[in-house]
Amino acid sequence: MKNKLKVFSIASLLAVACSSNAVERTITVNADIDSTVDLTLSSGDPLPPSIDMQYLPGKGLSDNSLHVKLWTNSADKDLIVQLATPVILRQKDGTGTIPLKVTLNGTELSPSETTLTYATIFPNGSANGSAILPLTFSQATPGPITTAGKYSGMADILITQSTK
């Protein structure tokens, strides 16, 4: 009887040990680091990877604005902002295009450099980021769009710290 109890106990322990399952999950963590400047939502969260613009028949695309902050490690250097290329929505089949206008705090951005003065955008210093600024995407020439379809484009905003 004692041997049967030992065998039963060992079998029970082995059953418990063998029945525990393990699951492994792998998460890729990325970081894009520039130690001098950054552009985030006003909350400090990253910008969304995409935005949607609503089309109103007879009127055109509605503006889409994000409230953003600029960040810098400098206590006095201006920031230079520009678009890498003009922002153009292209229909997926290539039959239509819609140029967009991008403005930051009311200043239209282009592939040419735009200087934002430190004192204007960082009125309280740079420790908490810039003042909250609207980043707005709008149809360059407002009005109805005659070619229906799905459109997509990229807005590459380049920000550098002035060397002056």
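Every value quoted in this text rests on a predicted model; they were computed, and no experiment measured them. Each residue is numbered by its place in its chain's sequence as written, counting from 1. Selection of residues for local features in this predicted model requires a pLDDT of at least 70, selection of side-chain atom pairs for listing and counting requires 80 or more, and totals for whole chains, interfaces and linings are taken over all residues. As a rule here, side-chain values cover all heavy atoms of the structure and leave hydrogens and water aside.

A. Fine view of the overall build of the protein. A run of H or I in DSSP counts as a helix once it spans at least four residues, and a run of E counts as a strand once it spans at least two, with each numbered from the N terminus. A count of helical and extended segments in the protein gives two helices and 12 strands. When the helices and strands of the protein are placed in sequence order, the string is α-β-β-β-β-β-β-β-β-β-α-β-β-β. Relative accessible area decides the class of each residue, using a 1.4 Å probe on protein chains only: under 20% of the type maximum gives buried, over 50% gives exposed, and in between gives partly exposed. Out of the 164 residues belonging to the protein, those deemed buried represent 27%. The contact criterion used is simple: two residues touch if any of their non-hydrogen atoms lie within 4.5 Å. If you take every contact in the protein between residues at least 6 apart in sequence, the share linking residues at least 24 apart comes to 78%.

B. Molecular detail of the nonpolar core. Counting residues in each nonpolar core, the largest one holds 24 residues, and the members touching the most others are Leu70 and Leu104. Mapped onto this core, the elements with two or more residues apiece are strand S1 (37-41), strand S4 (64-72), strand S5 (79-83), strand S7 (97-104), helix H2 (118-121) and strand S10 (133-139). For this core, the element with the most residues is S7, which contributes four residues. With near-sequence residues (within four places) excluded, Leu104 lies in contact with Val68, Leu70, Val81, Leu109, Leu116, Leu133, Pro134 and Leu135. For the purposes of this section, nonpolar cores are sets of buried Ala, Val, Leu, Ile, Met, Phe, Trp, Tyr and Cys residues that join through side-chain atoms within 4.5 Å.

C. Structural view of the pairing of S5. Across the five residues that make up S5, a large majority, five, are buried. Alternating positions in S5 separate into two faces, Leu79, Val81 and Leu83 on one and Ile80 and Gln82 on the other, with burial throughout. Strand pairing follows a simple DSSP-based rule, namely that at least 2 bridges must link the two strands. As judged from the three bridges shared by S5 and strand S9 (residues 114-116), these two strands associate in the antiparallel manner. By the bridge assignment, Val81 is partnered in S9 with Thr114. Here S5 runs beside strand S12 (residues 157-161); their pairing, made up of five bridges, is antiparallel. Of the residues in S12, the one forming a bridge with Leu79 is Gln161.

D. How the structure looks around the environment of Thr160. Along the chain, Thr160 falls in strand S12. On the accessibility criterion, Thr160 (39% relative accessible area) is partly exposed. As a C-alpha pair, Thr160 and Val81 span 79 residues in sequence and 6.6 Å in three-dimensional space. Dropping the residues within four chain positions of it, Thr160 is found in contact with Val37, Asp78, Leu79 and Ile80.

E. Geometry of the packing of aromatic side chains. Any two of the Phe, Tyr and Trp rings considered here, Trp counted by its six-membered ring, make a pair once their centres fall within 6.5 Å; the pair's planes then place it as stacked at under 30 degrees, edge-to-face at over 60, or tilted in between. Enumeration according to the criterion identifies one aromatic pair in this entry. Summarising the aromatic geometry, the rings of Tyr118 and Phe122 are spaced 5.0 Å apart at their centres and angled 25° between planes, so their arrangement reads as stacked. Judged by relative accessible area, Tyr118 falls into the buried class, the value being 11%. Classification of Phe122 as buried rests on a relative accessible area of 2%.

F. Just unusual backbone geometry, in detail. The phi dihedral of Asn105 falls on the positive side, at around 55°, and the residue is not glycine. Checked against the element boundaries, Asn105 lands in the loop between S7 and strand S8 (107-109). Among the residues examined, Asn105 registers a relative accessible area of 40% and is labelled partly exposed.

G. Spotlight on the sheet that holds S5. In spatial order, the strands read S9-S5-S12; together these three strands make up an open sheet with antiparallel pairing. Of all the strands in the sheet, the pair left with one neighbour each is S9 and S12. Averaged over neighbouring strand pairs, the angle between their axes works out to 25° when direction is ignored. Helix axes are fitted to C-alpha atoms over the stretch in contact, other axes to C-alpha atoms as well, and angles between N-to-C directions run from 0 to 180 degrees.

H. Molecular detail of the environment of Ala131. Within the fold, Ala131 resides in the loop between H2 and S10. Classification of Ala131 by relative accessible area gives partly exposed; the value is 28%.

I. Structural context of the side chain of Ser74. With respect to the element layout, Ser74 can be found in the loop between S4 and S5. Within 3.5 Å is the distance limit for a polar contact, defined as a pair of N or O atoms, with the added protein rule that one can donate a hydrogen and the other accept it, and that residues adjacent in sequence qualify only through two side-chain atoms. At 3.0 Å, the side chain of Ser74 forms a polar contact with the backbone nitrogen of Asp76.

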